[in-house]
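Chain by chain, the residues:
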Amino acid sequence: MGAAKTNPGRFFEDYRLGEMIRHAVPRTVSGGERALYHALYPARHALYSSDEFARASGLPAAPIDDLAAFHVVFGKTVPDISLNAVANLGYAEGRWHLPVYPGDTLRSESEVIGLKQNSNGKSGVVYVRTRGLNQRDDVVMDYVRWVMVRKNDLDAPAPETVIPELQKVIPAEDLVIPEGLDFTRYDFDLAGEAHRWGDYAVGETIDHVDGVTIEEAEHMLATRLWQNTAKVHFDATFRPDGQRLIYGGHVISLARALSFNGLANAQMIVGLNGGAHANPCYAGLTVKAWSEVLDKAETAAPGVGAIRLRLVATSGGEAFTLKGEDGRYLPHVLLDLDYWALMPM
């Protein structure tokens, strides 16, 4: 008999610091990505919905939604990074460098930048920096994430602990503004709300009011759409509780779509400062969201301001509650995301 042809996925002991991983199966995106993304969440930001709105804003056409592009890039990494994950833990230093348009082909590559075995000796945390590239080898986005991965050989020696030093916030001056973006002729009626950059104050909180109950079928469709093969999302026997874990990116996109009510003019996400999947999410939970304005900055692009937002997704509980007295996330908090968006001045 020959060697096994199937791939069981990597376990914690299989990673090496500094290792570069080129991920398989490039993906050519199309308008179908946009249609499915908008059907799943539903996303409504005008810049990603209308070619004419995008052209009036200085772009050649409506790009694929920023988070849809993120999901495509992320999905490529799963077979090599998180196939045997216990949970995806967090994000940092994410930047969108170029809009992604229908017809672009995306691929991903990752560098292992940190390793830390857990004290129980059964799993460890892997830190990777991932880059998404298009068919011209231009970087369209990059980000750091860390994921808890099971060990297969419990006797495998623990690696040297290396935890990377990561920026807590991307400086506004380091954000990449899409070439040509111009909001001086911005149509607030077509965008859906009149609130502009100057109407928001640092420290302001916004209850996005609406909720979406997560369905198993929608999550499964979304996870397959992004070619995310993590076992915890598909195989109900993989977890002791017999439940499929909802992909964290699904919660991110739901919360972003819900934030339209109150932040319809936060058109483009260009920076991901940090993020935590605070508690697991399962089908049947109803997701609601609230936001807090953390910072604001002007940009060099005409009529374009940057706004830093905390986006919190919950499964109930009182709005604007986040952590308990012990500093831990409250049980109803699903997501705590810190990002930069572009908004008309």
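**Student:** Would you take a moment to explain the overall build of the protein chain for this structure?
**Tutor:** When its secondary structure is counted, the protein chain shows nine helices and eleven strands. Computed over the C-alpha atoms, the radius of gyration of the protein chain is 20 Å, within 12% of the 20 Å expected from 2.2 N^0.38 for a compact globule of 345 residues. By its C-alpha atoms, the protein chain is 65 × 50 × 40 Å across when sized along the principal axes. Of all 345 residues assigned to the protein chain, the portion counted as buried reaches 53%. In the protein chain, the share of contacts with a sequence separation of at least 24, taken over all contacts with a separation of at least 6, comes to 79%. Carbon and sulfur atoms make up 51% of the accessible area of the protein chain, which totals about 14,800 Å².

**Student:** Looking at this structure, how should I read the pattern of salt bridges?
**Tutor:** Note that side chains of opposite charge can pair when their charged atoms are close. Inspection of the entire model under this criterion finds 13 salt bridges. Here the salt bridges share partners, and the residues they tie into one network are R107, E109, R131 and D137.

**Student:** Looking at this structure, I do not really get the packing of helix α4 (residues 66–81) against helix α8 (residues 248–258). What am I missing?
**Tutor:** For any two helices packed against each other, the geometry is given by the interaxial angle and the distance between the axes. Contact geometry of α4 with α8 gives a least axis separation of 11 Å together with a crossing angle of 175°. Judged on the interaxial angle alone, α8 and α4 are roughly antiparallel. Packed against α4, whose contacting residues are D66, L67 and H71, the element α8 presents G249, H250, I252, S253 and R256 at the interface. For the contact of α4 with α8, the per-class residue count stands at two nonpolar, four polar and two charged.

**Student:** Would you take a moment to explain helix α6 (residues 216–225) for this structure?
**Tutor:** Turn by turn, an α-helix covers 3.6 residues, leaving residues three or four places apart pointing in a common direction. If you check which residues of α6 are buried, you get H219, M220, A222, T223 and L225. In this fold, the buried residues of α6 make contact with β2 (27–28), α1 (31–40), α7 (231–234) and α8. Downstream of α6 by one or two residues, Q227 has phi in the positive range, about 55°.

**Student:** Is there a simple way to explain the side chain of D142 in this structure?
**Tutor:** With respect to the helices and strands, the residue D142 is situated in strand β6 (residues 139–150). Engagement of the side chain of D142 in a polar contact is seen with the side chain of H97, the distance being 3.1 Å. Dropping the residues within four chain positions of it, D142 is found in contact with E93, G94, R95, H97, T130 and R131.

**Student:** How do you make sense of the packing of α1 against α6 when you look at a structure like this?
**Tutor:** One way to put it is that α1 packs onto α6 with a least axis distance of 11 Å and a crossing angle of 155°. Looking at the two axes, α1 sits roughly antiparallel to α6. The two elements α1 and α6 cross, and the hand of that crossing is left-handed. The residues of α6 that touch α1, namely those facing E33, L36 and L40, are E218, L221, A222 and L225. Per-class residue counts for the contact of α1 with α6 are five nonpolar, no polar and two charged.

**Student:** I tried to follow unusual backbone geometry on my own but got confused; where do I start?
**Tutor:** Among all residues save glycine, negative phi is the norm, and among peptide bonds the norm is trans. At the junction of Y41 and P42, the peptide bond is cis and its omega measures out at -20° in the coordinates. For P42, the location among the structural elements is in the loop between α1 and α2 (46–49). In this structure, V25 takes a positive phi of about 65° despite not being glycine. Here F320, not a glycine, exhibits a phi torsion of approximately 70°, which is positive. Note on placement: F320 falls in the loop between β10 (304–314) and β11 (333–344).

**Student:** Sorry, what's going on with the packing of aromatic side chains here?
**Tutor:** Any two aromatic rings considered together are summarised by their centre-to-centre distance and by the angle between their planes. Within this structure, the stated rule accounts for eleven aromatic pairs. For the ring pair F70 and Y91, a centre distance of 5.9 Å and an interplane angle of 75° mean the geometry is edge-to-face. Of the two residues, F70 is situated in helix α4 and Y91 in strand β3 (residues 85–96); the sequence distance between them amounts to 21 residues. With relative accessibility at 2%, the residue F70 sits in the buried group. Residue Y91 is classed as buried on the basis of its relative accessible area, which comes to 1%. Here the aromatic residues F70, F74, Y91, Y143 and Y247 are joined through ring pairs into a cluster of three or more. Here K296 stacks its cationic end above the ring of W197, 4.2 Å away from the centre of that ring. Across from the ring centre of Y329, 4.8 Å away, lies the NZ or CZ of K323, which sits over that ring.

Each value, and the rule that gives it
- Residues numbered from 1 in each chain as written.
- Predicted model: local features only at pLDDT ≥ 70, side-chain atom pairs only at ≥ 80, totals over all residues.
- Heavy atoms only, no water.
- Helix = DSSP H or I, 4+ residues; strand = E, 2+ residues; numbered from the N terminus.
- Rg over C-alpha atoms; globule rule 2.2 N^0.38 Å.
- Buried < 20%, exposed > 50% of the residue type's maximum accessible area, 1.4 Å probe, protein only.
- Contact = heavy atoms within 4.5 Å.
- Areas by Shrake-Rupley, 256 points an atom, 1.4 Å probe, with all protein chains shown as cover.
- Salt bridge = Lys/Arg side-chain N within 4 Å of Asp/Glu carboxyl O.
- Axes fitted to C-alpha atoms, helices over the stretch in contact; angles between N-to-C directions.
- Parallel < 35°, antiparallel > 145°, perpendicular 65-115°, else oblique.
- Nonpolar A, V, L, I, M, F, W, Y, C, P; charged D, E, K, R; others polar.
- Polar contact = N/O pair within 3.5 Å; in protein donor to acceptor, adjacent residues only side chain to side chain.
- Left-handed = near helix turned anticlockwise from the far one by under 90°.
- Phe/Tyr/Trp six-rings, centres within 6.5 Å; stacked < 30°, edge-to-face > 60°.
- Lys NZ or Arg CZ within 6 Å of the ring centre and 35° of its normal.

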